[in-house]
Amino acid sequence: AQRVTQPEKLLSVFKGAPVELKCNYSYSGSPELFWYVQYSRQRLQLLLRHISRESIKGFTADLNKGETSFHLKKPFAQEEDSAMYYCALSKSNQGGKLIFGQGTELSVKP
Amino acid sequence: DTGVSQNPRHKITKRGQNVTFRCDPISEHNRLYWYRQTLGQGPEFLTYFQNEAQLEKSRLLSDRFSAERPKGSFSTLEIQRTEQGDSAMYLCASRLDRYTDTQYFGPGTRLTVL
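Please read these numbers as outputs of a predicted model, since none were measured by experiment. (Residues numbered from 1 in each chain as written. Chains lettered and ligands numbered in written order. Predicted model: local features only at pLDDT ≥ 70, side-chain atom pairs only at ≥ 80, totals over all residues. Heavy atoms only, no water.)

Caption draft 1: Inspection of the overall build of chain A at higher detail. Across its full length, chain A carries zero helices and eleven strands. The C-alpha radius of gyration of chain A comes to 13 Å, within 12% of the 13 Å expected for a compact globule of 110 residues. Each principal axis of the C-alpha distribution contributes one length, and for chain A these read about 45 × 30 × 25 Å. When each of the 110 residues of chain A is scored for burial, the buried share is 45%. Taking the contacts inside chain A whose residues are at least 6 apart along the sequence as the reference set, 58% of them involve residues at least 24 apart. A total of about 5,600 Å² of accessible surface is found on chain A, and carbon and sulfur atoms cover 47% of it. In chain A, which carries 15 positive and 10 negative side-chain charges, the distance between the mean positions of the two groups comes to 6 Å. (Helix = DSSP H or I, 4+ residues; strand = E, 2+ residues; numbered from the N terminus. Rg over C-alpha atoms; globule rule 2.2 N^0.38 Å. Buried < 20%, exposed > 50% of the residue type's maximum accessible area, 1.4 Å probe, protein only. Contact = heavy atoms within 4.5 Å. Areas by Shrake-Rupley, 256 points an atom, 1.4 Å probe, with all protein chains shown as cover. Lys, Arg positive; Asp, Glu negative; His and termini not counted. Charge placed at Lys NZ, Arg CZ, Asp CG, Glu CD.)

Structure, rendered in structure tokens:
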């Protein structure tokens, strides 16, 4: 069965510190991986996807098929990064539905 | 077009009552998805439409749940004989038909069953 695991419910760091939000997935094929973010009082929105290989708001994520991981990283956290982060996977032959992890709340302290 | 909209934003009902939620996707988005999110969990897939055709339903969608998208535009999600376990945030998302396209989420409808 396909599954996405985010082992940390809460990650608290100080401003300027590096951040790594962990995501592991189980799937036998080649899924597409995403990171979605939900800021306070806002709707869920896409942060980045692995096929784009781009950096958004200083965040990057590399798909490691060997370790089945898609960790989200940022070298220097900012207070405005505080939000809920969800890792998700999708399969092209399943209509594009998303399977989400449980989410990690990132708190960046001043 | 201001994005995906959902109505109502909040719904409080008594156990056993029926409720209906509406989702208006972004214009020209032919795929529409429903998800449910309970406290402390990520969204869980319920069902999706391509135009007016409902192509997949999750096992989470019991017989009390029904979704429609009659003209391939807005969609409704109805829950009959609500139970306390139905209390959750119900999210709608839409996207174009290309696999590489992004799903855009609505603000959600929060259901509380007393």
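The rest of the description comes next.
Caption draft 2: Structural context of the nonpolar core. Core analysis: the largest hydrophobic core is formed by 25 residues, its most contacted members being A:Trp35, A:Leu72 and A:Tyr85. Counting residues per element, this core draws most heavily on strand E9 (residues 83-90) of chain A, which supplies four residues. When residues no more than four places from it in sequence are discounted, the contact partners of A:Leu72 are A:Val19, A:Glu20, A:Leu21, A:Trp35, A:Leu47, A:Leu48, A:Phe59, A:Thr60, A:Ala61 and A:Tyr85. The next biggest cluster of nonpolar side chains, apart from the first, holds 19 residues, and it includes B:Phe65, B:Leu77, B:Ala88 and B:Val113. (Core = buried A, V, L, I, M, F, W, Y, C linked by side-chain atoms within 4.5 Å.)

Caption draft 3: Here's a closer look at the state of the cysteines. All names here are of chain B. Enumeration over the complete set of coordinates arrives at two disulfides over all chains. Here Cys23 pairs with Cys92 through a disulfide, and the sulfurs are 1.8 Å apart. In this structure, the disulfide formed by Cys23 and Cys92 twists by about -65° around the S-S bond and is classed as left-handed. Taken together, the residues Cys23 in strand E3 (residues 19-24) and Cys92 in strand E9 (residues 88-95) connect sequence positions 69 residues apart. Among the residues examined, Cys23 registers a relative accessible area of 0% and is labelled buried. By relative accessible area, which is 0% here, Cys92 ends up buried. (Disulfide = S-S within 2.5 Å.)

Caption draft 4: Quick look at the interface of chain B and chain A. Listed as interface residues are 22 residues of chain B and, on the opposing side, 20 residues of chain A. Surface buried jointly by chain B and chain A totals about 1,700 Å² across both partners, of which 49% is contributed by carbon and sulfur atoms. Counting across the chain B and chain A interface gives one salt bridge. At the junction of chain B with chain A, the criterion picks out eight residue pairs in polar contact (both at pLDDT 80 or more). Looking at the side of chain B that touches chain A, the elements with two or more residues in it are strand E4 (31-37) and strand E5 (44-50) of chain B. Looking at the side of chain B that touches chain A, the element that brings in the most residues is E4(B), giving four residues. For the side of chain B that touches chain A, the per-class residue count stands at nine nonpolar, nine polar and four charged. (Buried area = accessible area lost by both parts, 1.4 Å probe. Salt bridge = Lys/Arg side-chain N within 4 Å of Asp/Glu carboxyl O. Polar contact = N/O pair within 3.5 Å; in protein donor to acceptor, adjacent residues only side chain to side chain. Nonpolar A, V, L, I, M, F, W, Y, C, P; charged D, E, K, R; others polar.)

Caption draft 5: Region of the structure containing the pairing of E5(B). Residues and elements named next belong to chain B. Counting buried positions along E5 yields five of seven residues, so the element is predominantly enclosed. Relative to E5, E4 runs antiparallel, the two being bridged by six bridges. By the bridge assignment, Tyr35 is partnered in E5 with Phe45. Turn length for the E4-E5 hairpin, with the two strands adjacent in sequence and antiparallel, is six residues, and the turn residue Gly40 shows positive phi of about 80°. Relative to strand E6 (residues 53-57), E5 is paired through four bridges, and the arrangement is antiparallel. By the bridge assignment for E6, Phe49 is matched with Gln54. Taking the residues between adjacent antiparallel strands as the criterion, E5 and E6 are bridged by two residues, where Asn51 takes a positive phi near 55°. (Pairing = 2+ DSSP bridges.)

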